[in-house]
Amino acid sequence: MSDLQTHWQYIQVLKENFNNLFSYEMGNDIKLINFPLHHIIVSQIFFLNDSIQNYLFFYLCFSLFIPYLFYLNLFEIFNDIDKKILVLISSLIYILPAFQYSAIWGNSHLTALFFFLIGILFHLKLRKYNYNKTTYILGTIIFLSLAAYTKQFYVFFFFFIFLEFLIKIKFKLFLLISFFTIILSMPGVLFLLDNPILFSGIKQKTTNFTSAILITSSICFFYIIPFLIQYVVNNFKNFKEMFKTIINTKIVIISAIIFLVCLPFFYYEGNIGGGIAYKTLIIILNQKIIFFIFSFLGIYFLLFFTEKNVYSYSLTILILCTFSTGFFIFQKYFEPMFLIIFLLYFDYKKIKRSIKNNNFILLSYFCCYYFITNYIYFFGV
C-alpha cells in the first residue's frame, strides 16, 4: 500500500506540472528509484490520473491482457504444439505472486512487462524472417527501450540482443541500429545524470558479486524444477539416452568451476530478499549445504537448457550476473521475466520435450507455490 501511495504521489506531481519531471530528484524529492516512463504515461491520461480507483481498476483489467501477449510469443516458437497447452502455460502468469500484487496495486512492473513482451514478439518474428526485416529490428529496439525506461534492469537484455545482431545481421546495418539505440538512450542518460541515485543508490553491501550468482541460480532453479521433472517424465521410456543427455560432463565441469569460485565468498546479510530457496533452506531450516546444492543445480540446469550458441550462453551469464550490485535480490524481479525468457530463448527441443505432455505437473507445482505463498502472507508464518 505504501508503494502505491508513492507511485500515485509522483503521478499527481507530474499531472500538476510536467516540468516537475526535471525539478524533482529521485530518492530525494520522491522515494522512487526507477525510470519514470510508467508515471509519465499515467499522468497524461485523464481517466487514469483523475482517480486512484480508476487507475487500479484499469491496471487490474490491463493485467488480464499480459498472458495473451505471452501466448502470442509462445505460438511464434511452439506453433506445432496444441494451442491448449500454450494457453495453459501462458496462464501460469496469473498465479505468480509478484504478478498478482502488481495487478492489484497497479505496479509499474506491468507496464514494463507489456513493453518487454512486445519487444520480444518483434524479435521472434525477426528470427522467423532470418533477420531480413528492418522494421522488426526497429520494433525490437523501441519496445525493449520502453521496457528499460520503465524498469531499468531490463537493460541487461540489450547485451544479448546486440550480440545476436552482431552475429546475424550485416555490419553496416548493425552500426546504424547501434546509432539509433544510442539516440534512444540519450534521454535516459540525461535523466540519470540528474538522478544519480538510479545508479549509485542500488550499490549496497548486502551481498557481493559471487554470492549474488548463487542466490540468482537458486531462484532460477526454483522455476526450472517443474520443467525438469516433466522433461524426465516425458522421456522416461528412453531412460538411458535421457540420463546421458542430462548428465553432461562438460556442463558438470563448467558448473563446478563457477560454483567453487563463488562458494568461498558467499554472504548475504539479513532476511530481506534472497529468494524462496535462501529463506527456506538458510533462514528457516539453517541448511546451508542443501542451499548450496540447490544453487549448483541452478547453474547446471541453466547451462543444460541453454541453446548451444554464443549469444544464448551470453544470456545465461547475464541472468546470473545482472542482480549483483550488492543490493537485496528479490524473487519478484524474476516473476514472470525468467519464465518468459526460459521458455522463449532456451533450448527449443528440450523445452518442447518438457511441455508437450504431462503439464499437470507444471500446473500442480505453481498452484502449490501460489497457495503456500498466500498462506505465509496472510498468516504471517
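Thoughts on helix α21 (residues 348–355)
Then comes step 1: Of the positions making up α21, those classed as buried are Lys350, Ile351, Ser354 and Ile355. Buried residues of α21, seen end-on, are gathered within an arc of 120 degrees and therefore sit on one face of the element.
Then comes step 2: The inward-facing, buried residues of α21 contact α7 (83–91), α14 (209–234), α15 (239–246), α18 (288–304) and α20 (337–345).
Then comes step 3: Measuring from the side-chain oxygen of the N-cap residue of α21 to the backbone nitrogen of Lys349 gives 3.1 Å; that N-cap residue is Asp347.

Looking at unusual backbone geometry
As a rule of thumb, non-glycine residues mostly have phi less than zero, and peptide bonds are mostly trans rather than cis.
Then comes step 1: The linkage connecting Glu335 with the following residue, Pro336, adopts the cis geometry, with an omega of -10 degrees.
Then comes step 2: Located in the positive-phi region is Asn286, a residue other than glycine, with phi close to 55 degrees.
Then comes step 3: What makes Asn286 exposed here is its relative accessible area of 58%.
Then comes step 4: Within the chain, Asn358 stands out as a residue other than glycine whose phi angle is a positive 60 degrees.

Topic: the pattern of salt bridges
Then comes step 1: A complete count under the given rule lists four salt bridges for this structure.
Then comes step 2: Its salt-bridge partner being Asp80, residue Lys352 comes within 2.5 Å of it at the nearest N-O pair. Pair noted here: Lys352 is in helix α21 and Asp80 is in the loop between α6 (66–77) and α7, with a separation of 272 residues, a long-range link.
Then comes step 3: Residue Asp80 is classed as partly exposed on the basis of its relative accessible area, which comes to 46%.
Then comes step 4: With a shortest N-O distance of 2.7 Å, Arg127 and Glu164 are connected by a salt bridge. In this pair, Arg127 sits in helix α9 (residues 108–128) while Glu164 sits in helix α11 (residues 156–168), placing the two residues 37 residues apart along the sequence.
Then comes step 5: Since its relative accessible area comes to 26%, Arg127 is described here as partly exposed.
Then comes step 6: Overlapping salt bridges bring together Glu76, Lys125 and Lys128 as one network.

With respect to the packing of helix α5 (residues 52–63) against α9
Then comes step 1: It is at 11 Å that the axes of α5 and α9 come closest, and there the two elements cross at 35 degrees. Seen from above, α5 lies across α9 with left-handed handedness. Across the interface between the two elements, Tyr59, Phe62 and Ser63 from α5 touch Leu110, Thr111 and Phe114 from α9.
Then comes step 2: Residue classes in the contact of α5 with α9 are distributed as four nonpolar, two polar and no charged.

As for the packing of aromatic side chains
Then comes step 1: Applying the stated criterion across every chain yields a total of 64 aromatic pairs.
Then comes step 2: Where Tyr68 meets Tyr71, the ring centres are 6.4 Å apart and the plane angle is 20 degrees; that geometry is what we call stacked. One end of the pair, Tyr68, and the other, Tyr71, are both in helix α6, three residues apart, so they sit about a helical turn from each other.
Then comes step 3: Ring plane angle 15 degrees and centroid distance 5.4 Å describe the contact between Phe78 and Tyr348, whose orientation is recorded as stacked. With a gap of 270 residues between them, Phe78 in the loop between α6 and α7 and Tyr348 in helix α21 connect regions that are remote in the sequence.
Then comes step 4: Using a relative accessible area of 27% as the deciding quantity, one classes Tyr348 as partly exposed.
Then comes step 5: Stacked on the ring of Phe330, the Lys or Arg Lys332 has its end atom at 5.0 Å from the ring centre.
Then comes step 6: The ring of Phe304 has Lys350 lying over it, and the distance from NZ or CZ to the ring centre is 3.8 Å.

So, how was this worked out
- Residues numbered from 1 in each chain as written.
- Predicted model: local features only at pLDDT ≥ 70, side-chain atom pairs only at ≥ 80, totals over all residues.
- Heavy atoms only, no water.
- Buried < 20%, exposed > 50% of the residue type's maximum accessible area, 1.4 Å probe, protein only.
- Helix = DSSP H or I, 4+ residues; strand = E, 2+ residues; numbered from the N terminus.
- Arc of directions from axis to C-beta.
- Contact = heavy atoms within 4.5 Å.
- Polar contact = N/O pair within 3.5 Å; in protein donor to acceptor, adjacent residues only side chain to side chain.
- Salt bridge = Lys/Arg side-chain N within 4 Å of Asp/Glu carboxyl O.
- Axes fitted to C-alpha atoms, helices over the stretch in contact; angles between N-to-C directions.
- Left-handed = near helix turned anticlockwise from the far one by under 90°.
- Nonpolar A, V, L, I, M, F, W, Y, C, P; charged D, E, K, R; others polar.
- Phe/Tyr/Trp six-rings, centres within 6.5 Å; stacked < 30°, edge-to-face > 60°.
- Lys NZ or Arg CZ within 6 Å of the ring centre and 35° of its normal.

Shape is all these values report; function is a separate question.
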